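Survey of secondary and tertiary structure
Below are the chains, spelled out letter by letter.
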Amino acid sequence: MRKALKRLRKACASAAHLLITDEEGVGVVEIILILVVLISLVVIFKSQVTQIVKDVLSRAAKDAKGV
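About the cut-offs
Residue indices follow the written sequence of each chain, beginning from 1 at its first position. Given that the model is predicted, a residue must reach a pLDDT of at least 70 before its local features are reported, and side-chain atom pairs must reach 80 or more before they are shown or counted; all residues, however, enter totals for whole chains, interfaces and linings. With hydrogens and water stripped out, all remaining heavy atoms of the structure feed into the side-chain values. Only DSSP runs of H or I reaching four residues or more are called helices, and only runs of E reaching two or more are called strands; each is numbered from the N terminus. Relative accessibility decides the category of a residue: with a 1.4 Å probe and only protein chains considered, values under 20% of the type maximum give buried, values over 50% give exposed, and everything between is partly exposed. The Shrake-Rupley method, run with a 1.4 Å probe, gives the accessible areas here. Residue values count only the displayed protein chains as cover. For every residue, the predictor assigns a confidence score, pLDDT, that lies between 0 and 100. Exposure above 30% relative accessible area and the absence of a salt bridge qualify a residue for a patch, where like charges join within 9 Å and nonpolar side chains (Val, Leu, Ile, Met, Phe, Trp, Tyr) within 5 Å. By definition here, a salt bridge exists when the distance from a side-chain nitrogen of Lys or Arg to a carboxyl oxygen of Asp or Glu is within 4 Å. For this count, His and the chain ends are skipped, Lys and Arg are scored as positive, and Asp and Glu as negative. Charge positions come from single atoms, namely NZ of Lys, CZ of Arg, CG of Asp or CD of Glu. Each residue after the first adds 1.5 Å to the expected span of a helix.

Focus on the overall build of the protein chain
- Within the protein chain one finds three helices and zero strands.
- Put simply, the protein chain runs from its N terminus to its C terminus through helices and strands in the order α-α-α.
- For the protein chain, with 67 residues in total, the buried portion stands at 0%.
- Summed over its atoms, the accessible surface of the protein chain is roughly 6,600 Å², and 70% of this surface lies on carbon and sulfur atoms.

What to know about the confidence of the model for the protein chain
- Residues with a pLDDT of 70 or more make up 82% of the protein chain, whose mean pLDDT is 81.
- Within the protein chain, the element-level pLDDT minimum falls on helix H1 (residues 2-21), averaging 72, and the maximum on helix H3 (residues 46-66), averaging 89.

Side note on a positive patch on the surface
- The grouping of Lys 3, Lys 6, Arg 7, Arg 9 and Lys 10 at the surface amounts to a positive patch.
- Tracing the backbone shows Arg 7 in helix H1.
- Judged by its relative accessible area of 60%, Arg 7 is exposed.

Points about H3
- The terminal C-alpha atoms of H3 lie 31 Å apart, and with 21 residues this matches the ideal 30 Å at 1.5 Å per residue to within 8%.
- Counting buried positions along H3 gives zero out of 21 residues, so the element sits mostly on the surface.

Structural data, given as structure tokens:
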């Protein structure tokens, strides 16, 4: 059991080392940071965004009735 745990620990350590030293993951981190900023902006301006969406949908409904 201890040998299996040691092997698992070594495998996890080497996988973590590969993830840390791998530079291809930089793009993923950038995308995650951009998403965090966008979500934060939506949360901050939630009422304004909600009002804009409601206005657009009501205009679309009015225009659809006219057709």
